[in-house]
Amino acid sequence: MTNLSDIQSAEIERARRTLTTTRRSVSEGLEEIIFQAIPVLDHGFVRVIDYMGDDAAVVQAARVSYGRGTREVSEDRGLIHYLLRHWHTTPFEMAEIKLHVKMPIFVARQWIRHRMANVNEYSARYSVLDREFYLPAPEQLAVQSTQNRQGRGDVLRPDEAAKVLSLLKADAERNYDHYLEMLNYNEDGERFDEGRPGLARELARINLSLNFYTQWYWKTDLHNLMNFLRLRADRHAQYEIRAYADVILDLMKKWVPLSYDAFREHRLEAATFSGEALKALRRMLAGERVEQSQTAMSKREWNEFLSKLDLS
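Keep in mind it's a predicted model, so treat the numbers as computed, not measured. (Residues numbered from 1 in each chain as written. Predicted model: local features only at pLDDT ≥ 70, side-chain atom pairs only at ≥ 80, totals over all residues. Heavy atoms only, no water.)

Tell me about the nonpolar core, and please be specific about residues and values.
Within the largest apolar cluster, 50 residues are counted, with the highest numbers of intra-cluster contacts made by Val-46, Leu-99, Trp-111, Leu-222, Leu-229, Tyr-244 and Trp-255. Examining the composition of this core, we find that 10 residues originate from one element, helix H9 (residues 239-255), more than from any other. Not counting chain neighbours up to four residues away, the residues in contact with Leu-229 comprise Asp-234, Ala-245, Ile-248, Leu-249, Met-252, Phe-263 and Leu-268. Within the second largest apolar cluster, 12 residues are counted, among which are Ala-124, Leu-129, Phe-133 and Ala-204. (Core = buried A, V, L, I, M, F, W, Y, C linked by side-chain atoms within 4.5 Å. Buried < 20%, exposed > 50% of the residue type's maximum accessible area, 1.4 Å probe, protein only. Helix = DSSP H or I, 4+ residues; strand = E, 2+ residues; numbered from the N terminus. Contact = heavy atoms within 4.5 Å.)

What follows is the structure, encoded as structure tokens:
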């Protein structure tokens, strides 16, 4: 459920029916779903608005060639894997993608930490926000982790989860009602009271909580998209932003399948080791039983080291 209005849905369908011819490379995978709103969370979505380049743009930039050339796909695949394996990232900056994203405000505040992008956000100074706010699914309501200051622990009991959801919903509804009251407008854009002016939108919005939805256009290149996905599609990332990253990861697979495979191999499913961890790993491979006290690693680094080896 993406909560698109009839007008928005009609605009999307009209855009998808419009076809143009081009001499530029196109991604067949993205062309299939371009403009479509892919649902995320309870009211959010991700849409591909535009893109430039594909896997060929990466290898063309790396070779500084005049065109696609006559090389085999296997050669392109090998080059892309080589580039990522050796952290030669500049060629990946030659492909770009522009997304329309609708997400809770707290997700947007995490997302904007990835600054190597062009962003234009819906402005609540000029427009009135909709009555749309994020309510987590009960299975996402968990206690604070005792191991990770930023993470979640065990899921709340059903009765506790129901109480939390009730509070979140009541607070959001109340805040939105007060927001409209301060604006002196109802949800149809009509004034409550013709005899009084409403508060400026830029002030009335401060009453809304972080679970209300915002939207933006987000344009970035493939190199910085991979940096975003490396962190936000990770299992340690907060669930809500990871839900968006998982959708975008699938879009990347459709857009640049060769780069996606290399990214999965050399970033998502790879692990890095500190110098001290590498010393310990070599000793273990030599058959030695190594304890944390025999290394210069802290307890936390040791546990992370064991986790990478599936030994924790």
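Additional details are given in the paragraphs that follow.
Which residues make up the sheet that holds strand E7 (residues 213-221), and what values do they have?
Strands sit in the order E1-E2-E3-E7-E4 across an open sheet of 5 strands; the sheet is antiparallel. The sheet is open, and its two borders are formed by strand E1 (38-40) and strand E4 (118-121), each paired with just one other strand. When the angles between neighbouring strand axes are averaged without regard to direction, this sheet yields 25°. Note: E4 against E7, 4 bridges, orientation antiparallel. Along E7, the bridge assignment pairs Asn-120 with Tyr-217. Sheet contacts for helix H8 (residues 222-232): strand E3 (96-104) and E7; angle to E7, the most-contacted strand, approximately 130°. (Pairing = 2+ DSSP bridges. Axes fitted to C-alpha atoms, helices over the stretch in contact; angles between N-to-C directions.)

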